[in-house]
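Topology and contacts: notes
Residues per chain are reported as follows:
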Amino acid sequence: MTRYRQILAWTRFTLSEYLRSGRVLIELGALIVFAYVFLRRPNTAAILDATQFFSMTAVFVLVQTIYTSSVLMSMGSRAQGYVVLARPLGRKGYLMGLFLVSVMIGIANFLLCSLIVTLINTPVRWNFVIWGAGTLPLILEIGLVAALVMLLSGLVLTSGWRLLVLGVVALASLGSADIFSKVIALDSTFGKLLSAIRTLVGIPLTPLLAGFELTTQRIYSAQSVAIILGQITLLVAVLAFSMAAFDRRDIILS
Amino acid sequence: MSAIYIEGLRKSYDMVPVLRGLSMSVDAGQVYGLLGPNGAGKSTLLHLMMGFLRPDAGRIEVLGLAPMAAHRQVGYLPERLRYHTHCSGREYLRYIGKFGDEHGAGLRDRITALLTLVGLEEAADRRMKTYSKGMLQRIGIAQALLSDPDLLLIDEPSSGLDPAGQVEMQELLLELRSRGHTIFLCSHQLDEITNVCDRVGILVRGELAAETSVANLPGTEGIVITLVEMPAEDLDYGLRALDPTITREGRRITIPVNTPPLQARLLQLLLDEGFTVASLQPTLGTLRDLYLHVVSGNIPPTEAAPQVTMPLLDTLLAEEENQ
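Residues numbered from 1 in each chain as written. Chains lettered and ligands numbered in written order. Predicted model: local features only at pLDDT ≥ 70, side-chain atom pairs only at ≥ 80, totals over all residues. Heavy atoms only, no water.

1. Section: the overall build of chain B
When you go through chain B residue by residue, the secondary structure sums to ten helices and 13 strands. Classification of the 323 residues of chain B by burial places 49% in the buried group. Summing over all exposed atoms, chain B offers an accessible surface of approximately 14700 Å²; the carbon and sulfur share of this is 50%. (Helix = DSSP H or I, 4+ residues; strand = E, 2+ residues; numbered from the N terminus. Buried < 20%, exposed > 50% of the residue type's maximum accessible area, 1.4 Å probe, protein only. Areas by Shrake-Rupley, 256 points an atom, 1.4 Å probe, with all protein chains shown as cover.)

What follows is the structure, encoded as structure tokens:
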């Protein structure tokens, strides 16, 4: 319990510093522009449905989570952190607090989008069940994106490791083998090897892509449960890897 | 018991060695000052003691524990005046306390007491971004003392402060010393070290080049020999022949820059001439002298020779003054 109280205090403190610094105005500004362009009803004939709402909002919220997490990681890399790290909160608690604030701001963004769309342009057949069905995987997506940004930040990984992980993510993210075939002959030994590696490293990222699809489609089946469990597993794995890496490295804040 | 024990400590950044097999210890209750030029490895050493950095080799024990395990008993003041400044001083201290799982009325009372100690009770509810450098440094001291630590690690407390701020900081450090805290202090302020510390070490290129107690700084400059008999002026010729810098004033002979061979030749001369030596006293160099000698590579012994004191000397000097 002691450790949770310490992490909670650090999370509240970081959130309060973030809000008081005025950085949140950038998020609010972006939210207003997004709502004006994509969520308002331009004319009475234009009808928004839940799929359109979730498709647009998920992209917006996830992009904004990348921004928020990057800013928070940069705040965490400043010399102010030494005083906090000198406390019994510890390295894991420090990182967890930064992550939680990223997720909280991401969720707050999504909730505001939901509120705005409900007030100014209610989608057809809009109800709590439909909203909840898209919200659950989206919240996990926000957590995953925040965790990945944290992992790839300079605070957690050294430059060499970041390059390696980025390379793996880039390789795994290549959606089509056609891209390979234009550069490398797929039937060559090297091509086959690269393709196998791509498949292998792509497996962990599958929940991320499938989770996004589940958010927009909201069609629940046994496979959907597997996707949500996959999202949770990947989230826990990325967080654990980040904390293990941060726990072992030299901390040089500036 | 050693509050800090370091053995064979090595640390490099990108293959560039910063600490090269450093060994030292600081006793509990001691105020230890660490001097050294920029880049000597002082802040790196403090960061290793705090567990922010991992040693490449060697051993560090802080209060008998691994650095990370000792955080509850250690107060740390970082070098740079970088704090989260969007909150008030009181609020900042409350949060810092909560990161160590301190809370409730106990924490509130402690914060009030610390704000009084560092003289910030009136500014406690102002946002820290309105604080001067001196005030920020004092809030830094307050946060370091928040958990009533057994050991304080303080990095450049007077850095960036104006002369008045430096004096205030020194007074605060003296107050902490009087409260019996074990303090490890890195500083460039020689006066601060001299006035506050019991013991001083000088770190040069990652090695402890010199270490001594402040009360017994090495005689880096020379010696003063006092004779029992009043010598005739003839002796001056012999002294000048030995070394032109040697001077005599009554029964006192001064070698401004001493070396063991010169000292041996002078003593031989005095004995040959039939004089009795009442006392041989090293002239105590200042910390500045020691520091400059060590940093320039002219390293004196790590411990000063004990100062020679003789009751006869006081009698002779009193007689001389009466005459």
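2. Regarding unusual backbone geometry
With a phi close to 50°, R125(A) is a non-glycine residue in the positive phi region. Mapping R125(A) onto the fold places it in the loop between α5 (90-120) and α6 (128-151).

3. Notes on the domain arrangement of chain B
Assigned domains within chain B: domain 1 (2-215) and domain 2 (223-282). Here the C-alpha centroids of domain 1 of chain B and domain 2 of chain B sit 47 Å apart. (Domains from an automatic or database assignment.)

4. Description of a negative patch on the surface
A cluster of acidic side chains, namely E233(B), D234(B), D272(B) and E273(B), defines a negative patch on the protein surface. Mapped onto the secondary structure, D272(B) falls in helix α8 (residues 260-272). (Patch = residues over 30% accessible without salt bridge, like charges linked within 9 Å, V, L, I, M, F, W, Y side chains within 5 Å. Salt bridge = Lys/Arg side-chain N within 4 Å of Asp/Glu carboxyl O. Lys, Arg positive; Asp, Glu negative; His and termini not counted. Charge placed at Lys NZ, Arg CZ, Asp CG, Glu CD.)

5. Things to note about the confidence of the model for chain B
A low pLDDT score tells you not to read the predicted coordinates there in detail. Residue and element names in this part refer to chain B. With 89% of its residues at a pLDDT of 70 or more, chain B shows a mean pLDDT of 86. No element of chain B has a lower mean pLDDT than helix α10 (residues 311-322), which averages 49, and none a higher one than strand β4 (residues 57-62), which averages 97. Note that residues 301-317 has pLDDT below 50 and, in this model, 29 contacts with residues that lie over four places away or in other chains. Of the two predicted TM-score estimates for the complex, the pTM is 0.82 and the ipTM is 0.88. (pLDDT = per-residue confidence, 0-100. Contact = heavy atoms within 4.5 Å.)

6. Comments concerning the interface of chain B and chain A
Across the contact, 35 residues belong to chain B and 28 residues belong to chain A. Roughly 3000 Å² is buried in total at the junction of chain B and chain A, and carbon and sulfur atoms are behind 57% of that figure. Area buried by chain B at its contact with chain A is led by F52(B), H84(B) and F99(B), which between them contribute 26% of it. Here chain B and chain A share four salt bridges between them. D250(A) serves as the salt-bridge partner of K11(B), at 2.4 Å between the closest nitrogen and oxygen. (Buried area = accessible area lost by both parts, 1.4 Å probe.)

7. A closer look at the confidence of the model for chain A
Mean pLDDT for chain A: 91, with 95% of residues reaching 70 or above. Per-element confidence in chain A is highest for α5(A), whose mean pLDDT is 97, and lowest for helix α8 (residues 177-183) of chain A, whose mean pLDDT is 60.

8. Things to note about the nonpolar core
Within the largest apolar cluster, 128 residues are counted, with the highest numbers of intra-cluster contacts made by Y94(A), L45(B), M49(B), F99(B), I141(B), L153(B) and F184(B). Broken down by element, this core gets its largest block of residues, nine residues, from helix α11 (residues 222-248) of chain A. Those residues in contact with L153(B) that sit more than four places away from it in its chain are I4(B), L46(B), M49(B), M50(B), V74(B), G75(B), Y76(B), L77(B) and F184(B). In this structure, L48(A), F110(A), W131(A) and I142(A) belong to the second largest nonpolar core, which totals 21 residues. (Core = buried A, V, L, I, M, F, W, Y, C linked by side-chain atoms within 4.5 Å.)

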